[in-house]
Amino acid sequence: MSDMNAATAPNVQPAEPMAPENAPLPPSKKPPGPWKLVWQKFSHNPYAMTGLVVLLIFVLVAIFAKQVAPFDPAKVDMMNSNLKPGSGKHLLGTDELGRDIFSRLVYSSRISLMVGFSVAIIAVFLGSLIGAISGYFGGWVDTIFMRLIDVMISLPGLFINILVMAIFGTKMIYLILILALTSWTGVARLVRGQFLQLREMQYVEAARATGVSSWGIIFRHLLRNASFPIIVNATLMVGGAILSESGLSYLGLGIQMPQTSWGIMLSNSQEFMLINPMLAVYPGLCILIVVLAVNFIGDGIRDALDPRQKKSRRRLAKWRKNFSKSGI
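Here the structure is a predicted model, which is why all the values come from computation and not from measurement.

What counts, and at which threshold
- Residues numbered from 1 in each chain as written.
- Predicted model: local features only at pLDDT ≥ 70, side-chain atom pairs only at ≥ 80, totals over all residues.
- Heavy atoms only, no water.
- UniProt positions renumbered as here; feature names shortened; annotations may be inferred.
- Helix = DSSP H or I, 4+ residues; strand = E, 2+ residues; numbered from the N terminus.
- Core = buried A, V, L, I, M, F, W, Y, C linked by side-chain atoms within 4.5 Å.
- Buried < 20%, exposed > 50% of the residue type's maximum accessible area, 1.4 Å probe, protein only.
- Contact = heavy atoms within 4.5 Å.
- Axes fitted to C-alpha atoms, helices over the stretch in contact; angles between N-to-C directions.
- Parallel < 35°, antiparallel > 145°, perpendicular 65-115°, else oblique.
- Nonpolar A, V, L, I, M, F, W, Y, C, P; charged D, E, K, R; others polar.
- Salt bridge = Lys/Arg side-chain N within 4 Å of Asp/Glu carboxyl O.
- 1 Å grid on protein atoms, 1.4 Å probe; cavity = no way out; pocket = protein on both sides within 12 Å on 5 of 7 lines; lining within 4 Å.
- Points joined across faces, edges and corners; volume = space filled by probe spheres on them.

A. Inspection of the UniProt feature "transmembrane region" (unreviewed entry) in the chain at higher detail. UniProt's entry tags residues 46-65, 111-136, 148-167, 173-191, 230-253 and 273-298 with the feature "transmembrane region" (unreviewed entry), counted in the numbering of this structure. A distance of 37 Å separates the end C-alpha atoms of residues 111-136, which is 100% helix and 0% strand.

B. Local environment of the nonpolar core. Counting residues in each nonpolar core, the largest one holds 49 residues, and the members touching the most others are Ile-101, Leu-105, Leu-113, Phe-195, Leu-222, Trp-262 and Val-290. Sequence-distant contacts of Phe-195, that is, excluding residues within four places in its chain, are made with Ala-132, Gly-135, Tyr-136, Ile-218, Leu-222, Leu-223 and Ala-226. Residues Ile-111, Val-119, Met-165 and Ile-255 belong to the second largest nonpolar core, which totals 15 residues.

C. The arrangement of the packing of helix H10 (residues 202-209) against helix H11 (residues 214-225) in detail. As a packed pair, H10 and H11 sit with axes 11 Å apart at the nearest point and diverge in direction by 170°. Accordingly, the angle class assigned to the pair H10 and H11 is roughly antiparallel. Seen from H10, the contacting residues are Tyr-203, Val-204, Ala-207 and Arg-208; seen from H11, they are Ile-217, His-221, Leu-222 and Asn-225. Residue classes in the contact of H10 with H11 are distributed as five nonpolar, two polar and one charged.

D. Structural detail: the pattern of salt bridges. Going through the model one piece at a time under the given rule, you end up with three salt bridges. We note a salt bridge from Arg-147 to Asp-150, for which the minimum N-O separation is 2.9 Å. On the criterion of helical spacing, the pair formed by Arg-147 and Asp-150 is a turn pair, its members being three residues apart in helix H6 (residues 139-154). Among the ionic pairs, Glu-205 bridges to Arg-208, the shortest N-O distance being 2.9 Å. Taken together, the residues Glu-205 and Arg-208, both in helix H10 and three residues apart, mark about one turn of the helix. Note on Glu-205: relative accessible area 42%, which makes it partly exposed.

E. View of empty space enclosed by the protein. Enumeration according to the criterion identifies one cavity of 30 Å³ or more in this entry. Here the largest cavity is characterised by a volume of approximately 80 Å³. Considering every element that reaches the lining of the largest cavity, the biggest residue donor is helix H13 (residues 262-269), with three residues. Its residues assigned to classes, the lining of the largest cavity comprises two nonpolar, two polar and four charged.

Structure representation (structure tokens):
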């Protein structure tokens with residue numbers, strides 16, 4: 001009888017011990033920060049990731065140019081001039097003076113990328129500083145800086161670059177400075193517009209009420225919130241600086257021998273276009289690939305920072321789905 005009662009009795013499991021009231025809660029998962037969210041969106045963009053990989057390859061080639069280049073880019077060998085690609089140890093052949101084209105392309109990446117990144121850094125720093133001061137303080141400060149920007153924009157940039165390089169010489173430092181001093185105006189106007197909106201926010205008023213100085217508000221609060229469009233503009237400025245350096249070097253006012261850049265290679269190849277057109281194709285192709293890669297990166301950062309981008313894509317996909325179901 002006892003066995004039957006045991007068989008028919010419900011299987012009651014012992015209750016779990018209750019946690020004490022003052023026991024600490026289990027640690028919750030930390031939400032991802034804004035930079036992590038931006039990277040997640042950026043990494044899902046195939047064009048942006050392709051541009052990033054291509055740019056990193058060019059940067060690594062420029063850093064380890066001595067290990068990558070098989071020959072001295074300035075070594076002249078008239079006995080082996082105008083060799084075709086694959087002749088001997090010359091992967092891309094030689095130019096009119098017998099210099100290895102591949103080695104010159106590798107060493108040229110150093111100059112072109114250095115000029116591009118240096119100009120972008122200086123122009124972004126100068127433009128962000130002037131735009132922040134102008135947008136935050138306003139009044140006569142804003143008027144003076146805006147009229148200065150209007151004057152700078154009205155001047156032809158290429159003419160100013162040629163004039164300065166012809167007067168002061170063709171050293172790389174002069175080239176970087178003049179390109180930066182003619183490129184900061186766009187960044188300044190962008191930052192000024194951002195500051196005109198951000199300075200009216202409540203957290204800025206709270207910072208003023210707690211005694212934070214104007215410079216503290218500019219650098220600690222406002223400039224951080226305006227950093228995303230500045231980063232996008234800086235990436236696009238790298239490609240523009242590379243093109244400007246190539247144009248000045250093509251005109252003979254940029255980097256001079258024995259240094260080499262893609263613009264110099266284009267300038268030297270114009271006399272041999274009918275004999276060996278590949279002399280102009282190789283450096284032009286490098287400029288095209290790098291500028292495209294930088295623009296893809298800039299577009300990817302812009303899409304990752306734009307909260308409306310994902311929503312608009314969803315709306316477009318929904319519209320296409322409804323349109324296909326309608327049978328029209």
